[in-house]
Amino acid sequence: MSDEELLEKLLQFSDVLTTNNIFISGLRIMGWGILLFLKMIVDGLEGMVNNVLTLTDFFMSESVQDFLDTIQPGLYILLAFSLAMIGSD
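The text that follows walks through the structure, step by step, so that each part is easy to find.

Cut-off values and rules
- Residues numbered from 1 in each chain as written.
- Predicted model: local features only at pLDDT ≥ 70, side-chain atom pairs only at ≥ 80, totals over all residues.
- Heavy atoms only, no water.
- Helix = DSSP H or I, 4+ residues; strand = E, 2+ residues; numbered from the N terminus.
- Buried < 20%, exposed > 50% of the residue type's maximum accessible area, 1.4 Å probe, protein only.
- Phe/Tyr/Trp six-rings, centres within 6.5 Å; stacked < 30°, edge-to-face > 60°.

1. Re the environment of glutamine 72
Move 1: Relative to the helices and strands, glutamine 72 resides in helix H3 (residues 62-88).
Move 2: Considered as a pair, glutamine 72 and alanine 84 are 12 residues apart in the sequence and their alpha carbons are 18 Å apart.

Here's what the structure looks like:
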């Protein structure tokens, strides 16, 4: 790739490409820390919900099993529709 082509590509994507500086790096590190903190909270909540559902045998109750058996054909139709939509892109 010649220098002219490289310069053209850099100018084409100039709105996406930025130079690195201490402020942008600091914001990026802080944002990553916030995301990790939120992930930790969600993982903790997931564990609590799993414990509650396991202790109460919610999904093993007969009424929930009947509901899941009733709705299952509709879920398969939604799955097929979503796969068709993904495949059409």
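Read on, since the account is not over.
2. Side note on unusual backbone geometry
Of all residues except glycine, most have a negative phi; of all peptide bonds, most are trans.
Move 1: Of note in the backbone geometry, aspartate 57 takes a positive phi value of approximately 50 degrees without being a glycine.
Move 2: The topology assignment puts aspartate 57 in the loop between helix H2 (22-56) and H3.
Move 3: Relative accessible area serves as the criterion here: at 45%, aspartate 57 is assigned to the partly exposed category.

3. Some thoughts on the packing of aromatic side chains
Move 1: In the structure shown here, the tally under the stated rule is 1 aromatic pair.
Move 2: With centroids separated by 5.1 Å and ring planes inclined at 80 degrees, the aromatic side chains of phenylalanine 58 and phenylalanine 59 adopt a geometry described as edge-to-face.
Move 3: On the basis of relative accessible area, phenylalanine 58 is assigned to the partly exposed category, the value being 41%.

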